[in-house]
2 protein chains.
Amino acid sequence: MTIEVVSENMSHGGRQLVVRHASPACRCDMTFSIFLPPQSEGGNVPVVWYLSGLTCTHANVTEKGEYRTACAELGLAFVAPDTSPRGDDVPDGDGYDFGIGAGFYVDATEEPWSWNYRMWTYVTDELPRLVASEFPVDMDRQAITGHSMGGHGALTVALNFPDRFRSVSAFAPIVAPSQVPWGQKALTGYLGDDRATWRKHDAVALIQHGARVTDLLVDVGTADQFLEQELRPELIERACADAGVALTLRRQQGYDHSYYFISTFMANHLAWHAERLS
Amino acid sequence: MTIEVVSENMSHGGRQLVVRHASPACRCDMTFSIFLPPQSEGGNVPVVWYLSGLTCTHANVTEKGEYRTACAELGLAFVAPDTSPRGDDVPDGDGYDFGIGAGFYVDATEEPWSWNYRMWTYVTDELPRLVASEFPVDMDRQAITGHSMGGHGALTVALNFPDRFRSVSAFAPIVAPSQVPWGQKALTGYLGDDRATWRKHDAVALIQHGARVTDLLVDVGTADQFLEQELRPELIERACADAGVALTLRRQQGYDHSYYFISTFMANHLAWHAERLS
């Protein structure tokens, strides 16, 4: 695979890159961002994967996430993929919550989505191999996090690959897509009506069926407009309690669903990951 | 004057607001952002004014400036105005460097600009009075900074009102608009050909003619694409040396003109201001 560096800017002593590449998984060009901290000049550094939420591209967290200060201090690379395939040939759904900008980190089996909408393969296989081959990252020290739909992505990827990640956290994640409107729409649309195929993509269901991570950090704002209908953190709280998974769930007073919330707690999440990556 | 709160988000323990109001100075609606740190719950806090560069609105620094962590820690309010009048009735110039998004912090005397383009009065009079009347800021503890055209604004406002500001800094400022293409185009367009009227809006000329600030912090990137033609930091370096003004000019290796540069040094500038505001 070849990559095209769309932009490169020095920032916080490191390098912030935006990269485009032809994606065999998604059958279109895909764009992601990667921050390389100053420590990467001296060798491979641990890498944090950040999966974004509905409507986002790599750009939202890259511009608003405020992760570079902590990544430069802690010596972490930070990779932010897109949230879906994109392009004139990529079919789109109806609404902001299905189709372009809303890939939900699954490999679609339903038509017309199955040709391009293969974000599971993209974020779990293609992109890690590409990043490992092109950049100074230590694939034995990986962490994963994400926001909202991307929090769902981070949790389900970590629960499916427990040996790959040393740590996992999430900001305002969808924890039980099978039980909430956003998730039911997306999983029905991409995977069809057979709920057995949904389980691999439902963090609460995965934990209930034996999937495990060592520990888990989740922040959610009490003023999040999606808290009660879409996020329902009490479901993962109960599942982790029943399963004996060490969950740190923090209900942050007064915070909403925006990047103003994410950026507030980003440095704290990165420090939590760095502890487990060192 | 009445204000409309367009948005309010909790962030870093404080409140990030975007505010719209009818502006008598600019004869249109104007929008600015203000961050109120948690310390403002207990009384008036010092205020940092941030003037933005060409093409920007309040939103650029609000989203990409990464000032909230330091402002929350140091107890600073942070106000970011727009860079020009805006609206269907506001005349626009040709190019990104004149007209809307490029008010240059002057009161235009030339037509058709003089009706709306009154950014000098807006940032030195109308907005400070509005902010002081509506928000818990201590107008005896003010600092000012800005980027590029806004660095020019910060320097010239501080040099014209030396008793108002306890500190002034700038990121990649235009220091001598009378001597560079951006400045010559703007000052000719807004103020006409009589260069005597330009002096008040040229930091280097002001210093050469006796205007003073106690000290001054300026960062500029060595990879800034506008360094040699538009910014020319050597001109203020020489003027400050000749005048005995304590200038800290840092040429930051490898940094460009973008918010990746600004956000890297924002916390350092805010700490520098906080020392002088306490």
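Residues numbered from 1 in each chain as written. Chains lettered and ligands numbered in written order. Predicted model: local features only at pLDDT ≥ 70, side-chain atom pairs only at ≥ 80, totals over all residues. Heavy atoms only, no water.

Let's shift gears to the overall build of chain A. Across its full length, chain A holds nine helices and nine strands. Taken over the C-alpha trace, chain A has a radius of gyration of 17 Å; the compact-globule value for 278 residues is 19 Å, and the two agree within 12%. Dimensions of chain A, computed from the C-alpha atoms along their principal axes, are close to 50 × 40 × 35 Å. Within the span of chain A, comprising 278 residues, buried residues form 62% of the whole. The long-range fraction of contacts in chain A, counting pairs at least 24 apart against all pairs at least 6 apart in sequence, stands at 71%. With 21 positive and 35 negative side-chain charges, chain A shows a spacing of 4 Å between the two charge centroids. (Helix = DSSP H or I, 4+ residues; strand = E, 2+ residues; numbered from the N terminus. Rg over C-alpha atoms; globule rule 2.2 N^0.38 Å. Buried < 20%, exposed > 50% of the residue type's maximum accessible area, 1.4 Å probe, protein only. Contact = heavy atoms within 4.5 Å. Lys, Arg positive; Asp, Glu negative; His and termini not counted. Charge placed at Lys NZ, Arg CZ, Asp CG, Glu CD.)

This part takes up a negative patch on the surface. Taken together, the side chains of A:E110, A:E111, A:D193 and A:D194 present a region of like negative charge at the surface. Secondary-structure assignment places A:D194 in the loop between helix 5 (181–191) and helix 6 (203–208). (Patch = residues over 30% accessible without salt bridge, like charges linked within 9 Å, V, L, I, M, F, W, Y side chains within 5 Å. Areas by Shrake-Rupley, 256 points an atom, 1.4 Å probe, with all protein chains shown as cover. Salt bridge = Lys/Arg side-chain N within 4 Å of Asp/Glu carboxyl O.)

In screw terms, the move from chain A to chain B is a rotation of 180° and a rise of 0.0 Å along the axis, fitting with an RMSD of 0.0 Å. Here the two chains are linked by the operation of a two-fold rotation axis. Closest approach to the rotation axis among the C-alpha atoms of chain A is made by A:K64, whose C-alpha sits 2.8 Å away. (Least-squares fit on C-alpha atoms with pLDDT ≥ 70 in both.)

What follows deals with the packing of aromatic side chains. Residues and elements named next belong to chain B. Under the defined criterion, the tally for this structure stands at 30 aromatic pairs over all chains. R68 extends its terminal NZ or CZ atom over the ring of Y67, reaching a point 5.0 Å from the ring centre. Positioned above the aromatic ring of W272, the side-chain terminus of R276 is 3.8 Å from the ring centre. (Phe/Tyr/Trp six-rings, centres within 6.5 Å; stacked < 30°, edge-to-face > 60°. Lys NZ or Arg CZ within 6 Å of the ring centre and 35° of its normal.)

Below, the discussion takes up the pairing of strand 1 (residues 3–11) of chain A. All names here are of chain A. The sheet contact formed by strand 1 and strand 2 (residues 14–23) spans eight bridges and is antiparallel. In the strand pairing of strand 2, S7 is matched with V18. Connecting strand 1 to the next strand, strand 2, in antiparallel fashion are two residues, including H12 with a positive phi near 50°. (Pairing = 2+ DSSP bridges.)

Taken as a whole and judged by the stated rule, the model has 27 salt bridges over all chains. By sharing partners, the salt bridges in this structure join A:D94, A:D97 and A:K185 into a single network.

Take the interface of chain A and chain B next. Listed as interface residues are 21 residues of chain A and, on the opposing side, 21 residues of chain B. At the boundary of chain A with chain B, total buried surface from both sides reaches about 1,800 Å², with 48% on carbon and sulfur atoms. Of all residues in chain A, A:M10, A:E66 and A:Y260 bury the most surface against chain B, accounting for 38% of the area lost on that side. One can count three salt bridges joining chain A with chain B. For the salt bridge of B:R68 with A:E66, the shortest nitrogen-to-oxygen distance reads 3.3 Å. (Buried area = accessible area lost by both parts, 1.4 Å probe.)

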